[in-house]
Amino acid sequence: MRAGRLKLLEERTRYEPSEVEGRVFARWEDSGIFHPDPAGRAAENYSIAVPPPNVTGSLHMGHALNGSIQDVCIRLARMRGRRTKWIYGTDHAGIGTQRQVEKALEAEGTSREEIGPERFVERVWEWRRLHGSTITNQFRRLGTSLDYADERFTMDHEYVRAVTRVFVRLYEKGLIHRDNYMVNWDPGLRTAISDLEVEQRTVEDTLYLIDYPLESGSGAVTVATVRPETMLADTAIAVHPDDERYSRLVGEAAILPLVGRRLPIIADEHVDPEFGTGALKITPGHDLADFEIGRAHGLEEVVVIGEDGRLTEAAPEQFRGMDPDEVRRAVVAALREEGLVSGTQPYVHDVPHSHRSGRRIEPLISLQWFCDMTELARPAIEVVRDGRVRFHPERPWTAVYLDWLENIRPWAISRQLWWGHQIPVWYRDDETYVGEIAPEGQGWERDPDVLDTWFSSGLWPFATLGWPEETPELRAFYPTDVLSTGRDIIFLWVARMVMLGIEFTGEIPFTDVNIHSIIQAPDGRRMSKSLGTGIDPLDLIQGGPRPPVYTEGGDFPAYGADALRFGLLAMSSSQDVRFNEDRVKQGRDLANKLWNASRLILLRVSEVEPDPGAAATVEDRWIVSRLERLTARVAGLYDGFRFSPAALELYGTFWSELCDWYLELAKPRLYEEDNEQVSGVLLWALEHTLKLLHPVMPFVTEEIWSFMPGAEGLLAAAPWPEADESRIDERAEAEVGRLIEAVTALRRYRDEVGAKASVPVRGRLVAEEYGALREQLARLARLELVDGASPDGDVLATVPIPGGGVQVLPSEAFDAEEARARIAARREELDKEVERAERKLANEQFVAKAPAAVVEEERRKLEEYREALRRLDG
RNA sequence: GGGCGCGUAGCUCAGUGGGAGAGCGCUCGCCUCACACGCGAGAGGCCGCUGGUUCGAACCCAGCCGCGCCCACCA
């Protein structure tokens, strides 16, 4: 059986991810290791709740990176023997999903309004049935070990019950209330949105100066505004209390042009006397600042703009039904006719826009549900301050989180959508009923609004585990351990989970928050489908078209999931990075290298137990020592959420030390008949490497694992190697270090003098240190070593190596003249080094103040260079 | 307006007090019986600028120049 499989290994000189990945994934999933029993307590178990992707979404680069990161954590914990659950599920994503279905309806020539709420919600569920598994299958392609067998959805019956419970409890606690208040109205989506869903965009506007005649008839007050259309709802004029230009007018009134309303002139500190004319028109119905000034002064709130963004019946007849742009032109024209526009100037400023629809926000007074956050924020601040919840990297995210929570404002939680968690409130005449189930009796009407999607997301780590029921899952896996996400949802999601988690479970929902890079397009822009800058992770895994942001290169090759994972982890850090296909390529090359190094080892070893104790030679002890160091280093990096250096160190040590040096050093012994000792070391080195790399590149490592002699079970469930410091061998490292330096120097010499690749250079080793490694030195440097007993006079050159040199003797390999010129150049180089070191050591300050070890190191180097020079001359 | 971050090799990025690193790209030589998705050897850097602290600065401090992000009710 094994022989048959080895044949496959023999024949395949390239690693083929597409042939391996599906098969390996099925083995994992069928084994059940992704789906743990809900046993034990959370403190001993390990869990992560995945940021739930939109149910009808598809995998993008952020998912791929974050999936890779979390999978490293999960696989590491699993190998360390923890009972491990990666909580999986999807989000109903209110606005996003509703928009998708609306578009589908439009394509059918109908609309949401036409089919009504009930039928619409049915259509959304149908949509979910059709598209809901896409992203799940894409996560499988990435190799992520999510608990797919226990999938949750934020609109599941049990989840809805949790959401309802939370709303009712917060209401009963007095933290949720309904109010007529100024909200960010999205006229495109026709719903209120929260402050966090608003983004500022820089807009070029015109600042209009408009004269408002005084009631007394003696002149006018000139106000400055970029939205003249809102004047129709003005109810006052405000000036700064200390502004002497206007102090005599405070208490008087002006007359609102076009409308005729009497506007009291009031004093308020929020007015900036430096801006415009120092007089501010007050529109409490359509501007947040004015709204607050209005409430402070008890001003009338006139509303002339409706929920569709058009002027309402409350506006003068000539303007009704106009959209904001139309009405602006019309109002300005009307004012000009009356000679009341006394100036205009271009004005560039930031204007709030809806993050979802891109439309300019229309601040409107509207009856909405609000959640007061101050009380919830207090313990959420506490747990981060005292380190119970830690951000990685700590800076700047800890401060970002704390700043926001310390200045938190009420959260507008109701949305005028049809898809989502309907607010559990019923009305009958003047009565309001808030409860988990509908009230008894006739005539109750349920509030048609739904909750902000982030309200339900905020319960994710515990509602997915069955809360409010005391389920075994909750006991086993809550609190979770790590939460990993991008910085863009620290406020929207992370902070709210902390607040709601503490409030409803009494515990922090996770102990570590990892904030990962945001990966930009290769040109530095945002990755986005509509911009043509988005790169589909699946196209990298299985091959596919390059997006328009690439102007050349044809299709992506099929790099494979391991390559993508490696690439994303290697390119990402704490700051935003541009997508770098070369890193993915590096990952593919690594998988291939791993495959081929494994072929070399597995096709030739004796079937023995992997055993670091089998180390018999200095190079054996060297590789064992190097891999033990790597183990400690990589574990530390993984645990510190430093995945990029971890991936790159694994790459470097495996490639440069294990492959380039150790495998080459071990080959002669491996090819011998009696190779059991070196087999033990090689198998140990391979096994160790596979384990360390498995969290990053699970497919290729699992596949190779299956070829190990006596392989049993899954690598994914194999024990993680703990670093063993007793196997660190400084002496072996120093000896092999010298060998490497010597071989490199000799190879460089060969290269410099143009030695023919296939012909050995004759030479005599003049150095004490190479005892056991003498043959290796000769073989790797392609030297024909002659006995040192009888020195002849025709030494062409001496190549300095640590501890001595190699006298080069004439041979067929190269031309002697050229060699002499090379030596002269090398001497110059060494002279420079000696001079530098001497200068440094001549500096009394340096010798006196630098740490002894540093000074000593410098002396050692100086001596080494002098020695090398002596060798060169002799 | 407030805050945060970035500027290091041609490109994308690590490095954060003791002689500048990786991958790709480039040059030269190799199909050496694991791998040409490979092997060997190299070239390439006023570590944005100016001052300061220090025996010593890419790294710490200050200022400046350039770029980016977040927060924010000055119309």
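Residues numbered from 1 in each chain as written. Chains lettered and ligands numbered in written order. Predicted model: local features only at pLDDT ≥ 70, side-chain atom pairs only at ≥ 80, totals over all residues. Heavy atoms only, no water.

Chemist: Looking at this structure, I do not really get the overall build of chain A. What am I missing?
Modeler: Regarding its fold elements, chain A presents 27 helices and 29 strands. Taking 2.2 N^0.38 as the reference for a compact globule, 874 residues should give roughly 29 Å; the C-alpha atoms of chain A span a radius of gyration of 36 Å, well beyond that estimate. Taking the principal axes of the C-alpha coordinates as reference, chain A spans close to 120 × 65 × 50 Å. Residue pairs at least 24 apart in sequence account for 75% of intrachain contacts in chain A once pairs closer than 6 positions are excluded. (Helix = DSSP H or I, 4+ residues; strand = E, 2+ residues; numbered from the N terminus. Rg over C-alpha atoms; globule rule 2.2 N^0.38 Å. Contact = heavy atoms within 4.5 Å.)

Chemist: Help me out: how do you make sense of the side chain of Thr-144 in this one?
Modeler: Relative to the helices and strands, Thr-144 resides in the loop between helix 6 (134-142) and strand 4 (152-153). Thr-144 sits in the buried class, given a relative accessible area of 0%. (Buried < 20%, exposed > 50% of the residue type's maximum accessible area, 1.4 Å probe, protein only.)

Chemist: Sorry, what's going on with the pattern of salt bridges here?
Modeler: If the charged atoms of two oppositely charged side chains come close together, the side chains can form a pair. Across all of its chains, the model carries 56 salt bridges by this definition. Between Glu-113 and Arg-112 there is a salt bridge, and its shortest N-O distance comes to 3.8 Å. Overall, the relative accessible area of 11% leaves Arg-112 in the buried class. Beyond isolated ion pairs, a larger network of salt bridges with shared partners links Asp-205, Arg-227, Glu-229, Arg-328, Arg-360 and Glu-362. (Salt bridge = Lys/Arg side-chain N within 4 Å of Asp/Glu carboxyl O.)

Chemist: For this particular structure, what's the right way to read the sheet that holds strand 20 (residues 445-446)?
Modeler: Strand pairing in a sheet relies on backbone hydrogen bonds, with the paired strands running either antiparallel or parallel. If you walk across this open sheet you meet the three strands as 19-18-20, and the pairing is antiparallel. In this open sheet, the two edge strands, each paired with only one partner strand, are strand 19 (431-434) and strand 20. Direction of pairing for strand 18 (residues 425-428) relative to strand 19: antiparallel, over a ladder of four bridges. The residue of strand 19 that forms the bridge with Tyr-427 is Thr-432. (Pairing = 2+ DSSP bridges.)

Chemist: Quick question: what am I supposed to make of the packing of helix 10 (residues 374-385) against helix 15 (residues 490-505) here?
Modeler: Working note: a packed helix pair is described by the angle between its axes plus the distance between those axes. At a closest axis distance of 8 Å, the pairing of helix 10 and helix 15 adopts a crossing angle of 105°. For the element pair helix 10 / helix 15, the angle class is roughly perpendicular. Touching Leu-376, Ala-377, Pro-379, Ala-380 and Val-383 of helix 10 are Val-498, Met-499, Ile-502 and Glu-503, all from helix 15. Residue classes in the contact of helix 10 with helix 15 are distributed as eight nonpolar, no polar and one charged. (Axes fitted to C-alpha atoms, helices over the stretch in contact; angles between N-to-C directions. Parallel < 35°, antiparallel > 145°, perpendicular 65-115°, else oblique. Nonpolar A, V, L, I, M, F, W, Y, C, P; charged D, E, K, R; others polar.)

Chemist: Can you walk me through the protein's contact with RNA strand B in this structure?
Modeler: Taken together, 62 residues lie near RNA strand B, and Tyr-671, Arg-748, Glu-833, Arg-836 and Tyr-865 sit nearest. Put simply, 57% of the atoms of RNA strand B that lie within 4 Å of the protein are in sugar or phosphate. Here Asp-350 contributes a side-chain N or O atom positioned 3.2 Å from a base nitrogen of RNA strand B. At 3.0 Å from a sugar or linking oxygen of RNA strand B is found a side-chain nitrogen or oxygen belonging to Asp-582. By residue number, the principal contributor to the surface near RNA strand B is helix 18 (residues 581-602), which donates twelve residues. A per-class count over the surface near RNA strand B returns 21 nonpolar, 13 polar and 28 charged. (Near = heavy atom within 4 Å. Polar contact = N/O pair within 3.5 Å; in protein donor to acceptor, adjacent residues only side chain to side chain.)

Chemist: Would you explain a negative patch on the surface in this entry?
Modeler: Taken together, the side chains of Glu-672, Glu-673, Asp-674 and Glu-676 present a region of like negative charge at the surface. Among the structural elements, Glu-673 can be located in the loop between helix 20 (643-671) and helix 21 (676-693). (Patch = residues over 30% accessible without salt bridge, like charges linked within 9 Å, V, L, I, M, F, W, Y side chains within 5 Å. Areas by Shrake-Rupley, 256 points an atom, 1.4 Å probe, with all protein chains shown as cover. Lys, Arg positive; Asp, Glu negative; His and termini not counted. Charge placed at Lys NZ, Arg CZ, Asp CG, Glu CD.)

Chemist: Before we go on, may I ask you to explain the packing of aromatic side chains in this structure?
Modeler: Aromatic ring pairs are described here by two measures, namely the spacing of the ring centres and the angle between the planes. Tallied over the entire structure, the rule returns 34 aromatic pairs. Measuring from centroid to centroid gives 5.7 Å for Tyr-15 and Trp-595, while their planes differ by 50°, and the two rings are tilted. Linking Tyr-15 in the loop between helix 1 (2-11) and helix 2 (17-31) with Trp-595 in helix 18, this pair joins segments that are 580 residues apart in sequence. Trp-595 sits in the buried class, given a relative accessible area of 1%. An angle of 50° between the planes, with centres 6.1 Å apart, marks the rings of Tyr-638 and Trp-720 as tilted. Of the two residues, Tyr-638 sits in helix 19 (residues 618-639) while Trp-720 sits in the loop between helix 22 (698-705) and helix 23 (730-752), which places them 82 residues apart along the sequence. For Tyr-638, a relative accessible area of 3% gives the class buried. With relative accessibility at 6%, the residue Trp-720 sits in the buried group. Taken together, the ring pairs connect Phe-25, Trp-28, Phe-34, Tyr-88, Phe-139, Tyr-148 and Phe-699 into an aromatic cluster. Over the ring of Tyr-148 we find Arg-140; its NZ or CZ atom is 4.3 Å from the centre of that ring. (Phe/Tyr/Trp six-rings, centres within 6.5 Å; stacked < 30°, edge-to-face > 60°. Lys NZ or Arg CZ within 6 Å of the ring centre and 35° of its normal.)

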